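Structural characterization, general
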Amino acid sequence: AWQHLFQPLVNRSQRIVEFTSDQLLQIPRHLLATAVFGARVLEQGSGAWNFRFATDVAPAMLTGVCAHSLGTMPALASSGAGLLLATLAHTVGWPVPIGGSQSIADAMVTDILAHGGSVETDATVDDLGGIDAKAVLLDVAPVGLLKIAGTRLPDRYARRLANFRYGDGAAKIDFVLSGPVPWADPELANSPTVHIGGTRADVAVAENDVARGRYPDKPYLLLVQPSIADPGRAPDGLQTLWAYTHVPRGSKVDMAEAMIRRIEEFAPGFRDVIVDQYSVTAARLAEYNPNYIGGDFSAGAITVRQLIQRPIVSRKPWRTPLPGVYLCSSSTPPGPGVNGMAGFLAARTALQDVFGLATPFLGIETH
C-alpha cells in the first residue's frame, strides 16, 4: 500500500516539487504529475485516508510526517505537506547540515563577501525610511511589514496584512545527554528524526486538541538526534537532542516535563541520561523570533486558503505595493519548510522588476 501511494510520486518528484514550489497560481506545466499528487492529497486529507491501509504501521508513519504542519487532521494542507516531505525523503532525503544550520548561514555570507557585498548585524530595522537601496527584501511576517512600512502601505493592502491568520505554536526543548537515548526499539537509535505520536488516530487526537485550544494528554513530538549524522554537535562522550510539541498559540506553559514523560514511554530510562536541558515556551519562542507570532514558526496558519492567499492572492505575492520592496518570509509562497524557496522566488521577482535581469525557470534536481 505504501509503495502504491508513493511510487507514482517518487517517479514524478521533480515535477511535483516545481508545482508545489512555484506554480500554485499558474497552469501547471506537468498536468499528470499535478493530478497524481492532487488525487493523493485529496485522499489523505479526507475521511478516506485509511481506505488503502490494512494495518496501523504505514498510516502512523505518514501521519507523523503530515503533523509537521500544524493544524487539524485529516486536512488537505497537512496531507499535501506530508506527502511532499515523504516524497523528498524517498528521493533526496532530509539533509542534516554538518555544523548545524549556522553552517548554511556562514556559506551564504562567504558567498556575499566573495562577490563584493557586506553584511551588517545587530541592527534593528524598524523603518523603511532609513534604507537606501534599489531593492529591499524583508524576511518578516506581515505584522513586521506593517510595522516597518507604516503608513506608506495602501490601506487595502495593509488591511489584508492585518487580517492574515497565524497558527498554533510550538514549545521546544534542547537536551545534553550522557549517552544514546535508551529506545525500547533499538532501530530508532539510527534515525536522526523520530516522530513520537503512536497510531494515526493518536496523532490526530493530539493535533485536533491543540487546534481547539487544549493540551493533549499524549502530545505529538518531533524529535531530532543530530549527533547521529553530525558527531561534532556535542563533546566526546555526550550527545545532543532536541524536540518540540505543538501547543495553543501564545502558550506560556512549560512543556518540558510532559515531553520527557512522552519520550520515556518509548525510551524507558531516558530521564537518567539527561545531563542538562533548556526549555522554551511558545510565548518565549515569539520573543526569540518576532516572526513566530504566538510561537507559530510557520509564520502563518497552514490552510488551503492561506497556501494560496499568502499573504495575498497574486501571481507575484512577494511584490508589495511599494516600489522595490518585497516580502520573502514563510508568510509567502510556498510557505514554511527548510527550503529557502520564498527567498529564492522573491529575489527572482526583484531581479526581474528592479534590475531587468532574465532569470531561469525554477529547476530542482531531486534524484
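One can find the structure itself at the top, above this paragraph.
Because the structure is a prediction, the values reported are computed rather than measured.

1. Quick word on the nonpolar core
By size, the foremost hydrophobic cluster in this structure holds 28 residues, and its most contacted members are L5, F6, L9, F37, L62, M73 and L83. Among the secondary structure elements, those contributing two or more residues to this core are α1 (2-11), α2 (13-22), α3 (31-44), α4 (57-66), α5 (76-91), α9 (200-211) and β4 (221-224). In terms of nonpolar packing, the next biggest core, distinct from the first, is built from 24 residues, F175, V181, I196 and F270 among them.

2. Notes on the side chain of S329
Inspection of the secondary structure assignment puts S329 in the loop between β7 (325-327) and α13 (341-355). The exposure class assigned to S329 is buried, which follows from its relative accessible area of 2%. Not counting the four nearest positions on each side in its chain, S329 is found in contact with L138, D139, V140, A141 and A342.

3. Quick notes on unusual backbone geometry
Of note, the bond from R310 into P311 is cis; its omega dihedral lies within 30 degrees of zero at -5°. Backbone geometry places D122, a non-glycine residue, at a positive phi of 55°. One can find D122 in the loop between α6 (102-114) and β1 (136-138). With a phi close to 55°, A299 is a non-glycine residue in the positive phi region. If you trace the backbone, A299 turns up in the loop between α11 (282-288) and α12 (304-308). Judged by relative accessible area, which is 5%, A299 ranks as buried.

4. A look at the environment of P154
Mapped onto the fold, P154 is located in the loop between α7 (142-149) and α8 (155-162). Judged by its relative accessible area of 36%, P154 is partly exposed. For the pair P154 and A206, spaced 52 residues apart in the sequence, the C-alpha separation amounts to 41 Å.

5. Details of the pattern of salt bridges
Under the criterion given, the structure shown has 10 salt bridges. Taking the shortest distance from any N to any O, the salt bridge between E265 and K218 comes out at 3.4 Å. Separated by 47 residues along the polypeptide, E265 in helix α10 (residues 256-266) and K218 in the loop between α9 and β4 bring together distant segments of the chain. In the salt-bridge network here, residues are joined through shared partners; they are K218, R262 and E265.

6. Some words on the packing of α1 against α4
Packing of α1 against α4 leaves a shortest axis separation of 10 Å and a crossing angle of 40°. With respect to their mutual orientation, α1 and α4 come out oblique. Residue-level contacts link W2, L5 and F6 of α1 to A58, M61 and L62 of α4. Among the residues forming the contact of α1 with α4, the class breakdown is six nonpolar, no polar and no charged.

7. Quick look at the layout of surface pockets
In this model, the second largest pocket occupies a volume close to 330 Å³. Along its surface, the second largest pocket is lined by 24 residues, and L70, G71, T72, I302 and T303 are the ones closest to its centre. Those elements that provide at least two residues to the lining of the second largest pocket are α5 and α9. In terms of residue class, the lining of the second largest pocket is built from 10 nonpolar, nine polar and five charged.

8. Remarks on the packing of α4 against α5
The contact between α4 and α5 brings their axes to 8 Å, and the two run at 105°. By the angle between their directions, the pair α4 and α5 is classed as roughly perpendicular. When α4 is examined against α5, the residues L62, V65 and C66 are found in contact with a partner set consisting of S78, S79, G82, L83, L85 and A86.

About the thresholds
Residues numbered from 1 in each chain as written. Predicted model: local features only at pLDDT ≥ 70, side-chain atom pairs only at ≥ 80, totals over all residues. Heavy atoms only, no water. Core = buried A, V, L, I, M, F, W, Y, C linked by side-chain atoms within 4.5 Å. Buried < 20%, exposed > 50% of the residue type's maximum accessible area, 1.4 Å probe, protein only. Helix = DSSP H or I, 4+ residues; strand = E, 2+ residues; numbered from the N terminus. Contact = heavy atoms within 4.5 Å. Salt bridge = Lys/Arg side-chain N within 4 Å of Asp/Glu carboxyl O. Axes fitted to C-alpha atoms, helices over the stretch in contact; angles between N-to-C directions. Parallel < 35°, antiparallel > 145°, perpendicular 65-115°, else oblique. Nonpolar A, V, L, I, M, F, W, Y, C, P; charged D, E, K, R; others polar. 1 Å grid on protein atoms, 1.4 Å probe; cavity = no way out; pocket = protein on both sides within 12 Å on 5 of 7 lines; lining within 4 Å. Points joined across faces, edges and corners; volume = space filled by probe spheres on them.

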